[in-house]
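# Coordinate inspection notes
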Amino acid sequence: MSDETRKSHEKRASWRTRRGLAGAAALVLAGLTALAVTPVAAAEQTWQPRRGDLVSVTPVADRSAGQVRSFLSGRDVAADPVRYGVRAYRLTYRTVDLYGGPTTATGLLTLPKGGAHRLDLVSDTHGTMVDRDYAPSASEDFGRIPSYLHASAGRAVAAPDYLGLGEGPGLHPYMDTASSVTASLDMLRAARTAADRLGRPLTGDLYATGFSQGGQVAMALGKALDAGADRHFRLRALAPVSGPYDLVGQETPALFDGRVNDVSGVLYISYWLVAQNRLHPIYQDPSEVFRAPYASRVEGLFDGGHEQEDVIRQLAPSVRQLLTPAFYDRLRHPSGAVLDALRAADRTCAWKPDVPVRLYAGAGDTDVPLGNTRTCARTLAGQGARVRVVDQGAVDHFGSLVVSAPQVVRFFDGVRR
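Throughout, a residue's number is its position along its own chain's written sequence, starting from 1. Where totals are concerned, whole chains, interfaces and linings use all residues; where local detail is concerned, this predicted model gives features only for residues with pLDDT of at least 70, and gives and counts side-chain atom pairs only at 80 or more. In computing side-chain values, all of the structure's heavy atoms are included and hydrogens and water are not.

Turning next to the pairing of strand 9 (residues 357-361). Burial analysis of strand 9 places four of its five residues in the buried class, which makes it a mostly covered element. Pairing of strand 8 (residues 234-241) with strand 9, which is carried by two bridges, proceeds in the parallel orientation. For L238, the partnering residue across the bridge sits in strand 9 and is V357. Pairing between two strands is assigned when DSSP locates at least 2 bridges connecting them. Under the DSSP-based scheme used, a helix requires at least four consecutive residues in state H or I and a strand at least two consecutive residues in state E, with every element numbered from the N terminus. Pairing between strand 9 and strand 10 (residues 387-391): five bridges, direction parallel. By the bridge assignment for strand 10, V357 is matched with V387. The buried label goes to any residue with under 20% of its type's maximum accessible area, the exposed label to any with over 50%, and the partly exposed label to all in between, with areas taken from a 1.4 Å probe on protein chains only.

In the contact formed by helix 3 (residues 145-152) and helix 14 (residues 397-416), the axes pass within 10 Å of each other and the chain directions differ by 30 degrees. One way to sum up the angle between helix 3 and helix 14 is to call them roughly parallel. Two packed elements cross with a definite hand, and for helix 3 against helix 14 that hand is right-handed. On helix 14, the residues that touch I145, P146, L149 and H150 of helix 3 are L401, A405, P406, V408, V409 and F412. Its residues placed into classes, the contact of helix 3 with helix 14 shows nine nonpolar, one polar and no charged. Between N-to-C directions, angles cover 0 to 180 degrees, with each direction set by a line fitted to C-alpha atoms, over the stretch in contact for helices. When describing relative orientation, an angle under 35 degrees is termed roughly parallel and one over 145 degrees roughly antiparallel, while 65 to 115 degrees is termed roughly perpendicular and anything else oblique. Handedness of a crossing is defined here by the sense of rotation of the near helix relative to the far one, left-handed for an anticlockwise turn of less than a right angle and right-handed for a clockwise turn. In what follows, a contact means two residues having at least one pair of non-hydrogen atoms within 4.5 Å. Under the scheme applied, nonpolar residues are Ala, Val, Leu, Ile, Met, Phe, Trp, Tyr, Cys and Pro; charged residues are Asp, Glu, Lys and Arg; polar residues are all the others, including Gly.

Our focus in this paragraph is the packing of aromatic side chains. A pair of aromatic rings is counted whenever rings of Phe, Tyr or Trp (Trp by its six-membered ring) have centres within 6.5 Å, and the orientation is called stacked for planes under 30 degrees apart, edge-to-face for over 60 and tilted otherwise. Following the criterion strictly, the structure yields nine aromatic pairs and no others. Seen in terms of ring centroids, F411 and F412 are 5.7 Å apart; in terms of plane orientation they differ by 40 degrees. Their pairing is tilted. In terms of burial, F411 and F412 fall into one category: buried. By definition, being over a ring means that NZ of Lys or CZ of Arg is both within 6 Å of the ring centre and within 35 degrees of the ring normal. Lying over the aromatic face of Y207, R155 brings its terminal NZ or CZ to 5.3 Å of the ring centre.

The next thing to look at is the side chain of Q250. As for its placement among the helices and strands, Q250 is situated in helix 6 (residues 247-257). Among residues more than four places away in sequence, those in contact with Q250 are R259, G371, N372 and T375.

Turning next to the nonpolar core. In plain words, nonpolar cores are sets of buried Ala, Val, Leu, Ile, Met, Phe, Trp, Tyr and Cys residues tied together by side-chain atoms within 4.5 Å. In terms of nonpolar packing, the biggest core is built from 43 residues, with L91, L121, L188, M219, L359 and L380 touching the most fellow members. If one sorts the elements of this core by residue count, helix 4 (residues 177-197) sits on top with nine residues. With residues up to four places along the chain from it excluded, the contact list for M219 reads L238, P240, Y245, T348, C349, W351, V357, L359, C376 and L380. Formed by 42 residues, the second largest nonpolar core is a distinct cluster that contains V82, A135, Y360 and V415.

So, about the confidence of the model for the protein chain. The share of residues in the protein chain with pLDDT of 70 or more is 88%, and the mean pLDDT across the chain is 91. The predictor reports its confidence for every residue as pLDDT, a score running from 0 up to 100. A low-confidence stretch, residues 1-44 (pLDDT under 50), is modelled with 65 contacts involving residues beyond four sequence positions or located in other chains.

Counted residue by residue, strand 3 (residues 86-96) has nine buried out of 11 residues, so it is predominantly covered. Pairing geometry for strand 2 (residues 54-63) and strand 3, over eight bridges, is antiparallel. Of the residues in strand 3, the one forming a bridge with V57 is L91. Relative to strand 4 (residues 102-112), strand 3 runs antiparallel, the two being bridged by 11 bridges. Residue pairing for strand 4: T95 is matched across the bridge by T103. Where strand 3 folds back on strand 4, the antiparallel hairpin that results is connected by five residues, among which G100 adopts a positive phi of roughly 85 degrees.

Note on definitions: salt bridges are taken to be side-chain nitrogens of Lys or Arg within 4 Å of carboxyl oxygens of Asp or Glu. Counted by the stated rule, this structure contains 16 salt bridges. D413 serves as the salt-bridge partner of R155, at 2.7 Å between the closest nitrogen and oxygen. Here R155, found in the loop between helix 3 and strand 6 (156-160), pairs with D413, found in helix 14; they are 258 residues apart in sequence, far enough to count as distant. One exposure class covers both R155 and D413, and it is buried. One salt bridge connects R189 with D230, and the closest N-O pair in it is separated by 2.7 Å. Taken together, the residues R189 in helix 4 and D230 in the loop between helix 5 (213-226) and strand 8 connect sequence positions 41 residues apart. The pair R189 / D230 is uniform in exposure class, with both members buried.

In structure tokens form, the structure reads like this:
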């Protein structure tokens, strides 16, 4: 592992330690607030639950503008967009599972303590996480950077936890684009209801961003809204950051040619294989894919209850040492169910947005190489979209978010004018 990659992982670990203190503060806040949990009851017995219906609202943070600046500067994020303090709420809402059956999910709604009465809405979709307690609505940590930035600049922010993370039931279907979009779309609907009840109604204008896995989700969400998934929301701009838009042509080959560092490569491919095997018949027994001793433990590591550092410690130091020789070759030349699973996530840029698009990424990213963004930009431009790539240079994966997040706020500010 390079020094840069090791420092990035150590930095995230230190932020995770501070998360415990922030979480305790959020619990105190919830205990002192009279509206700690506000159930949303049916008005009549004939009412039938619908996707996006709000189940409950739980206050989780109340921060002054100064506290927001401290939160951001403590994570090396430029705080110049901050104008207001913020209030954040965990929303529990109704959505659908992988098979279209009813379930619930959670997400974070963040509102500015000031600004216009009616608010534009930002959808922020988060990156890869294996620990359900690290989700935006559960932890005041790295995943809240965009929420606090955009809300403190004067917009409402809806940040879904996705299925199986936060307080949602079940396991997270990692990199399943379809369920990530339905959970994100239903979070927008729940946010609309909650914002209205909290006295800050939404205008209907929507700005979409997201990081890493969430960059890919943001692009797919924009595509769904463009196709008419919910006419209440008018997409105004797209600004994903470092998304894995091209699994077949870029991300998977990068596991083998050195563009993805070993630590991240092992984490991503093991998480992806375990989650996707529940949807596609990739293997019947983990030993068909993973070497010993990892085959006996890998599925249990991705149960939503393990911290990322613990997962990394219990897996192999490289992809070659993680996978059986036969499956290593199969992944290098994907076909069948493996290729189907990869392709299912590779269609998010195949459309023509009628809004400005900026794709942020870093040439120094060894988690999601810049080639993913280049492929997406070419695909969008080929459809006639207005797209610009912002290359942040020699920053690592998480560094691309740190640098890009404030720029996205300013980009949205310019579109709004």
